[in-house]
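The lines below spell out each chain.
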Amino acid sequence: MLTIKRDTVVYAMSADNAPAAHAGSGDTILFETMDCFSGQIASEADSLGTLDWDRINPATGPVYIDGAEAGDTLKVEILRIDLAPQAALIESPGSGVTGLWAQEEHTKILPVEGGMVTFNDRVKLPVRAMIGVIGTAPAEGAISTGTPDLHGGNMDCRRIGEGTALYLPVNVPGALLAMGDLHAVMGDGEVCVCGAEIAGEVTVRVTVIKGTPLPLPFLVTADAAMAIYSAPGLDAAAEGATQRMRAFLTDAAGMAPHEAGMLLSLAADLRICQAVDPNKTCRMELPLSVLAQMGYCFP
Ligand code: CA
Ligand code: CA
C-alpha cells in the first residue's frame with residue numbers, strides 16, 4: 001500500500017504543489033498525519049505563544065491521482081483512522097466562540113486509550129475520530145489549509161470519519177488530494193476552535209468518477225447523505241448547504257423542485273460543522289432511508 005509520510009506536508013491547497021506521490025483510481029493509500037499544531041503542543045506548559053504559526057494545519061500530501069481531470073469527481077472512501085495516544089487542545093481569549101468569554105489561555109493534554117478520550121478526572125468521552133482538513137487543489141490560486149471552501153479544506157465536519165465516502169471536486173489534473181487535522185472527538189461548531197487535536201493515520205481508497213454527478217463537497221455516511229458548504233457567515237453557509245442538497249434531489253435524484261424543498265423541510269437536518277474558521281461550514285443531512293425509497297444509488 002502506498003504510504004505518504006507525515007513529513008510530506010503542505011500548508012495551502014494549490015495546483016502549484018509538487019505531488020508527494022502518484023496513485024491510480026481504485027488504489028488504497030495511507031496518509032500519516034500530524035496534528036494541527038505539528039506536534040508543538042506536547043505538554044500543558046506549551047501555549048499559543050510558543051507556537052511557530054508557520055506550521056499550523058499541515059496537510060499530508062498532495063497525492064496526484066492518475067487519470068483525474070478537471071471536471072471529474074474524486075471519491076475518497078475513508079476505510080480506517082488510527083489515532084496517536086494523546087490529543088491536545090487550547091482555549092484562549094479572542095479565539096472562536098468561547099473565546100468571547102475566556103479570561104486566560106489554557107492548554108489541555110488528553111490521553112486517548114481504549115476508545116475513550118479522558119477529558120478530566122470525572123469526564124471521559126467516546127472516541128469519534130474525524131478528519132478536519134481534507135481537500136483537493138482549487139482551480140486557481142492557493143487556499144490556506146486553515147480555510148474551507150468548495151475544494152474541501154478545513155471543513156471540520158465531524159461526520160467525515162471511518163466508513164464514510166467523501167466526494168471532492170477535481171479542479172486540476174491529478175486532483176492533488178491532501179489531508180490532516182484529525183480530531184479524536186469534536187462537537188458540532190468546534191466552538192473553542194479546537195477538537196481533540198491529534199496525529200494519526202488515515203487509510204483511504206480513491207476512485208475517479210467522470211463528470212460531476214453530485215454537488216461537491218458531498219458526504220455519504222452509514223445513515224445519511226450530506227451536502228457541505230462553506231461561506232464567510234453561518235447564514236450563507238446554511239443557505240448554501242440547503243441549496244446544494246435541494247440541487248442534489250432535483251438534478252441527481254430527479255425530484256420536482258417544489259417537492260425537493262418540502263422533503264428537505266420534513267426529513268433533512270441542517271447542522272453546523274464549524275463556526276470558527278475563516279469560512280464557516282454547514283451541512284444538510286438527508287437520511288439514506290429516504291433516498292432508498294426513491295431508488296437512488298450513489299456513484
Ligand atoms: Ca480544523
Ligand atoms: Ca483542528
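The rules behind these values
The numbers attached to residues start from 1 for each chain and follow its sequence in the written order. By the order in which they are written, chains take letters starting at A while ligands take numbers starting at 1. Residues qualify for local features only when their pLDDT is at least 70, as the model is predicted, and side-chain atom pairs are given and counted only at 80 or more; totals for whole chains, interfaces and linings, by contrast, use all residues. As a rule here, side-chain values come from all non-hydrogen atoms in the structure, and water together with hydrogens is ignored. Take the buried Ala, Val, Leu, Ile, Met, Phe, Trp, Tyr and Cys residues and link them wherever side-chain atoms come within 4.5 Å; each set so joined is a nonpolar core. Buried means the residue's accessible area, taken with a 1.4 Å probe over protein chains only, is under 20% of the maximum for its type, while exposed means over 50%, and partly exposed covers the values in between. Here, two residues are considered to be in contact whenever any of their heavy atoms come within 4.5 Å of each other. Secondary structure elements follow DSSP: runs of H or I no shorter than four residues count as helices, runs of E no shorter than two count as strands, and numbering proceeds from the N terminus. We call Phe, Tyr and Trp rings a pair once their centres come within 6.5 Å, taking the six-membered ring for Trp, and we label the pair stacked below 30 degrees between planes, edge-to-face above 60, and tilted otherwise. Strand pairing is assigned whenever DSSP identifies at least 2 bridges connecting the two strands. To obtain an axis, a line is fitted to C-alpha atoms, over the contacting stretch when the element is a helix, and the angle between two such axes runs from 0 to 180 degrees between their N-to-C directions. Metal sites are built from N, O and S donor atoms within 2.8 Å, or 3.2 Å for Na, K and Ca, and they leave out water, so they may look incomplete. What fixes the domain bounds is an automatic or database domain assignment. Put simply, buried area is how much 1.4 Å-probe accessible surface two parts lose in total, over both of them, once they are put together. Within this document, salt bridges are pairs made up of a side-chain nitrogen of Lys or Arg and a carboxyl oxygen of Asp or Glu, the two lying within 4 Å of each other.

The next subject is the nonpolar core. Counting 53 residues, the largest nonpolar core has Ile65, Ile134 and Ile160 as its most contacted members. Residue contacts for isoleucine 65: discarding those within four places in its chain leaves Ala23, Gly24, Ser25, Ile29, Leu74, Gly174, Ala175, Val206 and Val208. With 27 residues, the next largest nonpolar core counts Tyr167, Leu249, Cys282 and Tyr296 among its residues.

Take the environment of alanine 70 next. With respect to the helices, strands and loops of the structure, alanine 70 is situated in the loop between strand S6 (59-65) and strand S7 (73-83). Along the sequence, alanine 70 and glycine 211 sit 141 residues apart, while their C-alpha atoms lie 8.7 Å from each other.

Our focus in this paragraph is the packing of aromatic side chains. By the definition in use, this model includes five aromatic pairs. Aromatic pair phenylalanine 218 and phenylalanine 248: ring centres 5.0 Å apart, planes at 40°, arrangement tilted. With phenylalanine 218 in strand S20 (residues 218-220) and phenylalanine 248 in helix H1 (residues 234-252), the pair connects residues that are 30 residues apart, well separated along the chain. Here the aromatic rings of phenylalanine 248 and phenylalanine 298 are separated by 5.8 Å at their centres, their planes lie at 5°, and the arrangement is stacked. Taken together, the residues span a long stretch of sequence, with phenylalanine 248 in helix H1 and phenylalanine 298 in the segment after helix H3 (288-294) at a distance of 50 residues. A relative accessible area of 0% means that phenylalanine 248 is categorised as buried. For phenylalanine 298, a relative accessible area of 24% puts it in the partly exposed group.

The next point concerns the sheet that holds strand S5 (residues 28-33). Overall, mixed pairing links the nine strands, which are arranged S1-S5-S19-S7-S16-S20-S21-S23-S22 in an open sheet. Every interior strand has two partners, whereas the edge strands, strand S1 (2-4) and strand S22 (269-274), have only one. Within this sheet the neighbouring strands show an average axis-to-axis angle of 25°, counted without direction. Both strand S16 (residues 164-169) and S20 contribute to a ladder of three bridges, which runs antiparallel.

Taken together, Asn154 (OD1), Asp156 (OD), Asp156 (OD) and Asp181 (OD) make up the protein donors of the calcium ion (ligand 1), found 2.2 to 2.5 Å from the metal. Here the calcium ion (ligand 1) and the calcium ion (ligand 2) are spaced 3.4 Å apart, and both take aspartate 181 as a donor. One end of the pair, aspartate 156, is in the loop between strand S15 (152-153) and S16; the other, aspartate 181, is in strand S17 (residues 177-183), with 25 residues separating them in the sequence. Overall, the relative accessible area of 1% leaves aspartate 156 in the buried class.

For the calcium ion (ligand 2), the protein coordination sphere consists of Asp181 (OD), Asp181 (OD), His183 (NE2), Glu197 (OE) and Glu197 (OE), at 2.2 to 3.1 Å. Each donor residue of the calcium ion (ligand 2) belongs to the same chain, and together they define the spacing D-x1-H-x13-E.

Quick look at the domain arrangement of the protein now. What the domain assignment reports for the protein is domain 1 (2-209) and domain 2 (218-294). Between domain 1 and domain 2, the contact holds 25 residues from the first and 22 residues from the second. For the pair domain 1 and domain 2, the two sides together bury roughly 1,800 Å², of which 55% comes from carbon and sulfur. Applying the counting rule to domain 1 against domain 2 returns three salt bridges.

This brings us to unusual backbone geometry. Residues other than glycine predominantly adopt negative phi, and peptide bonds predominantly adopt the trans conformation. In this model, glycine 61 is joined to proline 62 through a cis peptide bond whose omega is 0°. By the element assignment, proline 62 lies in strand S6. Here leucine 216 and proline 217 are connected by a cis peptide whose omega angle stands at -5°. Phi angles above zero are rare outside glycine, and serine 38 is one such case at about 55°. Mapped onto the elements, serine 38 comes out in the loop between S5 and S6. Since its relative accessible area comes to 7%, serine 38 is described here as buried.

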